Amino acid sequence: MRLKVEVTGLFTYADVAVIRGAIQLSAGTEDVVLNPSVIVEVLSDSTEGYDRGEKFRQYQQIPSLKEYILVASTFRVSSSSNGAKVSGRSARLKA
């Protein structure tokens, strides 16, 4: 499903979107969501600046948005007899 920021007119695909309650769709569409409460974006070298900057500023215009979570796409998982260890980075930005 696509997301739309009504105030700015941005249409975009988030990596993950969570909607709480009834889904509000853009008029005349069946796949454009207006009311995500959580958006998750997986960062890459080519998208990180946009996801942290302009895209975040646009997402802040969505009244229902409570959390915007950024996850680094580069991480390492190593396992040992004591279990798995994950290293990497992520960020949660308040909407």
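Anything mentioned here points back to the structure above.
Okay, so let's go over this structure. (Residues numbered from 1 in each chain as written. Predicted model: local features only at pLDDT ≥ 70, side-chain atom pairs only at ≥ 80, totals over all residues. Heavy atoms only, no water.)

### Topic: the sheet that holds strand β2 (residues 10-12)
We apply this condition: A pair of strands counts as paired when DSSP detects no fewer than two bridges linking them. Secondary structure is summarised from DSSP: a helix means a run of H or I of at least four residues, a strand means a run of E of at least two, and numbering begins at the N terminus for each.
Here three strands make up an open sheet; going across it, the order is β2-β1-β4 and the pairing mixed. Only two strands of the sheet have a single partner each, and these edge strands are β2 and β4 (32-33). In terms of strand pairing, strand β1 (residues 2-5) meets β2 through three bridges, oriented antiparallel. The residue bridging V5 from the neighbouring strand is L10, located in β2.

### Remarks on the nonpolar core
So the rule is basically this: Among the buried residues, those of types Ala, Val, Leu, Ile, Met, Phe, Trp, Tyr and Cys that are joined through side-chain atoms within 4.5 Å form a nonpolar core. Only protein chains enter the accessibility calculation, which uses a 1.4 Å probe. A residue is then buried if its area is under 20% of the maximum for its type, exposed if over 50%, and partly exposed in between. Contacts are residue-level and defined by heavy atoms, with any inter-residue pair within 4.5 Å sufficient.
Counting residues in hydrophobic clusters, the biggest one holds 13 residues, and the most contacted among them are L3, I39, Y59, I62 and Y68. For this core, the secondary structure elements donating two or more residues are β1, β5 (38-43), α2 (54-59) and β6 (67-72). Those residues in contact with I39 that sit more than four places away from it in its chain are L3, A14, V16, Y59, I62, L65, E67, Y68 and I69.

### Quick look at the packing of aromatic side chains
The geometry of an aromatic ring pair is captured by the separation of the ring centres together with the interplanar angle, meaning the angle of the planes. Put simply, the rule is: A pair of Phe, Tyr and Trp rings is counted when the ring centres sit within 6.5 Å of each other, with Trp represented by its six-membered ring. The angle between the planes then sorts it: under 30 degrees is stacked, over 60 is edge-to-face, the rest tilted.
Throughout the structure, instances matching the rule amount to two aromatic pairs. With centroids separated by 5.2 Å and ring planes inclined at 5 degrees, the aromatic side chains of F56 and Y68 adopt a geometry described as stacked. Of the two residues, F56 sits in helix α2 while Y68 sits in strand β6, which places them 12 residues apart along the sequence. Each of the two residues, F56 as well as Y68, counts as buried. Taking the centre distance of 5.2 Å and the plane angle of 80 degrees together, the rings of Y59 and Y68 count as edge-to-face. Residue Y59 shares its accessibility class with Y68, and that shared class is buried. Aromatic rings pair up to connect F56, Y59 and Y68 into one cluster.

### Digging into the pattern of salt bridges
What counts, and what does not: Whenever Lys or Arg places a side-chain nitrogen within 4 Å of a carboxyl oxygen from Asp or Glu, that contact is recorded as a salt bridge.
In total, this model carries four salt bridges according to the counting rule given. For the salt bridge of E48 with R52, the shortest nitrogen-to-oxygen distance reads 2.9 Å. A residue pair is termed a helical-turn pair when its members lie 3 or 4 positions apart in one helix, as E48 and R52 do in helix α1 (residues 48-52) at four residues. Across the pair K55 and D51 runs a salt bridge whose closest N-O atoms are separated by 3.6 Å. In this structure, K55 and D51 share a single accessibility class: buried. Salt bridges here are not isolated pairs; linked through shared partners, they connect E41, D51 and K55.

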